[in-house]
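# Geometric and topological summary
The residues making up each chain are set out below.
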Amino acid sequence: MLSRPLAGLLASFVALTAEKAFAASNFSEVRESFFSSGGDYSTIMRLMVIAGVLLLLICIVSVIRHMRKQREVFIPTGWITSPKVLRDLISSAFRQRSTFDMQFADIRGQRRPTLRCAMRYLENDRIGLEAQGVQKVARRWTGRKVTCYFKISIKEQPVYYTFTTPIADVELRQIGTTIIWLQYPEKLQNRQKRAFLRIVPPEEYMLGAALWHGRKMPDVAILGDVQQWEKPNMALLPGKIRQFEISDVSAGGLRLTVPRKEQLATGTEFNVSDRLILLVDFMDPENNKRMRFWLLCRVQNMANEYNLRNLEIGVRFQAWAMPGDGGSNIEWFKLTNENEVAPLGNWIIRRHLELFRANPEEELER
């Protein structure tokens, strides 16, 4: 016979052992029930491995995409690099007979000379521009980089583009014509060149003009006394004489159109870098008086109009004069630091505001 304390301890041990055995049996039943209802253990492990592999692949693809995006060349706003779009725009310029303003890209400085050209040829790998009056210097241009500016019309609105490319070849032809062959550009930029506001002089404010050039240019010694000058080469008197036209004007220069018949009649020949003097009379409606300017100019570029063969001449101002105290004396002035004739610039701004008020939705060419 066991003592009462020992018998109690033995009973407690038996009860604890039975409880543990019941719990183990219950857990085994739950585990078997779980796996039997959801599939076997090996199937779930395979599914977990597949899910892990898929997740790893997604991570690898994301990393590769990120690395490729970092290596992509950044394309600034306004750049056109698509070969198809670029070719379409150049073809539009060819169809619309756009003029090209060409500057040498390797000349540093604020005032680079500009050569105005006409687009005459378009091939798969090059562009042919026609220029006048540069045969003597153009032979040395092959291989030099140039920047070209041109304008096309899209939905009746002017859109400006520029590109930089090397000169592939220079072809000298008869009658002073030069064909400049450019390598086809790799990109275009959507921007324009002109820094000054430019307008077509309103007909009612154009009172007259005269042009001195070549042998009729006055000597430096008599620049201040117009009475000693020879008669001008050409004149413009609205309603009477139109030997040339002022196509547009800015504070820094202007563009002339000279009909071919007037060139032949007067025997006046122009070349790039020639100097000339323009006398221009504009009406100042604010003060109801005539504004007279003498403008010493340098020929920057020339181009023949398509079919008409009229000569377009772009000139840049170098100095200017206004009437002096009396008689035939005139007083000459330097350009401002911005290379402009300030009184003429103010007159242009006022005319531009008049046009804008009359046609607020019209986009004026700058």
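The rules behind each value
Residues numbered from 1 in each chain as written. Predicted model: local features only at pLDDT ≥ 70, side-chain atom pairs only at ≥ 80, totals over all residues. Heavy atoms only, no water. Pairing = 2+ DSSP bridges. Helix = DSSP H or I, 4+ residues; strand = E, 2+ residues; numbered from the N terminus. Salt bridge = Lys/Arg side-chain N within 4 Å of Asp/Glu carboxyl O. Buried < 20%, exposed > 50% of the residue type's maximum accessible area, 1.4 Å probe, protein only. Core = buried A, V, L, I, M, F, W, Y, C linked by side-chain atoms within 4.5 Å. Contact = heavy atoms within 4.5 Å. Phe/Tyr/Trp six-rings, centres within 6.5 Å; stacked < 30°, edge-to-face > 60°. 1 Å grid on protein atoms, 1.4 Å probe; cavity = no way out; pocket = protein on both sides within 12 Å on 5 of 7 lines; lining within 4 Å. Points joined across faces, edges and corners; volume = space filled by probe spheres on them. Nonpolar A, V, L, I, M, F, W, Y, C, P; charged D, E, K, R; others polar. Polar contact = N/O pair within 3.5 Å; in protein donor to acceptor, adjacent residues only side chain to side chain. pLDDT = per-residue confidence, 0-100.

### Description of the pairing of strand β16 (residues 311-323)
By the bridge criterion, 6 bridges tie strand β13 (residues 253-258) to β16 in an arrangement that is antiparallel. Its bridge partner lying in β16, valine 258 is registered against leucine 311. Examined bridge by bridge, strand β15 (residues 289-304) and β16 share 10 bridges and lie antiparallel to one another. Within β16, the residue paired with leucine 295 across the bridge is tryptophan 320. Here β16 runs beside strand β17 (residues 330-333); their pairing, made up of 4 bridges, is antiparallel. Paired with tryptophan 320 across the strands is phenylalanine 333, a residue of β17.

### Some remarks on the pattern of salt bridges
For the coordinates displayed, the defined rule picks out 13 salt bridges. Measuring nitrogen to oxygen at the nearest pair gives 2.9 Å for the salt bridge that ties arginine 116 to aspartate 101. With arginine 116 in strand β3 (residues 114-122) and aspartate 101 in strand β2 (residues 99-104), this residue pair connects regions lying 15 residues apart in the sequence. You can call arginine 116 buried: its relative accessible area is 6%. Aspartate 101 sits in the buried class, given a relative accessible area of 8%. For glutamate 286, the salt bridge is made with arginine 351, and the minimal N-O distance between the two is 2.7 Å. Remark: arginine 351 occurs in helix α6 (residues 342-358) and glutamate 286 occurs in the loop between β14 (275-284) and β15; sequence separation between them is 65 residues. Members of the salt-bridge network, linked through shared partners, are Asp101, Arg116, Asp248, Arg255 and Glu312.

### Focus: the nonpolar core
With 35 residues, the main nonpolar core has Phe244, Leu278, Leu295, Ile313 and Leu344 as its most contacted residues. Sorting the residues of this core by element identifies β9 (206-213), β10 (234-237), β12 (245-249), β13, β14, β15, β16 and α6 as the ones contributing at least two each. Counting residues per element, this core draws most heavily on β15, which supplies 6 residues. Ignoring any residue separated from it by four or fewer positions in sequence, one finds isoleucine 313 in contact with Leu254, Arg255, Leu256, Val258, Phe270, Val299, Asn301 and Met302.

### Concerning the packing of aromatic side chains
Summed over all chains, the structure comprises 10 aromatic pairs. On the numbers, 4.8 Å between centres and 20° between planes, the contact of phenylalanine 100 with phenylalanine 150 is stacked. Of the two residues, phenylalanine 100 sits in strand β2 while phenylalanine 150 sits in strand β5 (residues 145-154), which places them 50 residues apart along the sequence. The two residues phenylalanine 100 and phenylalanine 150 agree in class, both being buried. An aromatic cluster is built from Phe100, Phe150, Tyr161 and Phe163, whose rings are joined through pairwise contacts.

### Quick notes on the layout of surface pockets
Quantified by volume, the largest pocket comes out at close to 720 Å³. Lining of the largest pocket is provided by 31 residues; of these, Gln132, Gly133, Val134, Asn271 and Met302 occupy positions nearest its centre. Within the residue set of the lining of the largest pocket, elements represented by two or more residues are β2, β3, α4 (135-138), α5 (260-266) and β15. It is β15 that contributes the most residues to the lining of the largest pocket, 4 residues altogether. Of the residues in the lining of the largest pocket, the class split is 12 nonpolar, 13 polar and 6 charged.

### A word on the side chain of glutamine 132
By the secondary structure assignment, glutamine 132 is in strand β4 (residues 126-132). Among the residues examined, glutamine 132 registers a relative accessible area of 9% and is labelled buried. Polar side-chain contacts of glutamine 132 include one of 3.5 Å to the side chain of glutamate 130. Setting aside its immediate chain neighbours within four residues, glutamine 132 contacts Ile175, Gly176, Thr177, Val272, Met302, Asn304 and Arg309.

### Focus: the confidence of the model for the protein chain
The share of residues in the protein chain with pLDDT of 70 or more is 77%, and the mean pLDDT across the chain is 80. Here residues 359-366 is a poorly scored stretch, pLDDT under 50, and it has 14 contacts once near neighbours within four places are set aside; other chains count.

### Let's talk about the pairing of β15
Every regular strand shows the same layout, with side chains that alternate between the two sheet faces. Among the 16 residues of β15, 12 are classified as buried, and the element is accordingly described as predominantly covered. Here β14 hands over to β15 after 4 residues, with asparagine 288 in that stretch at a positive phi of 55°.

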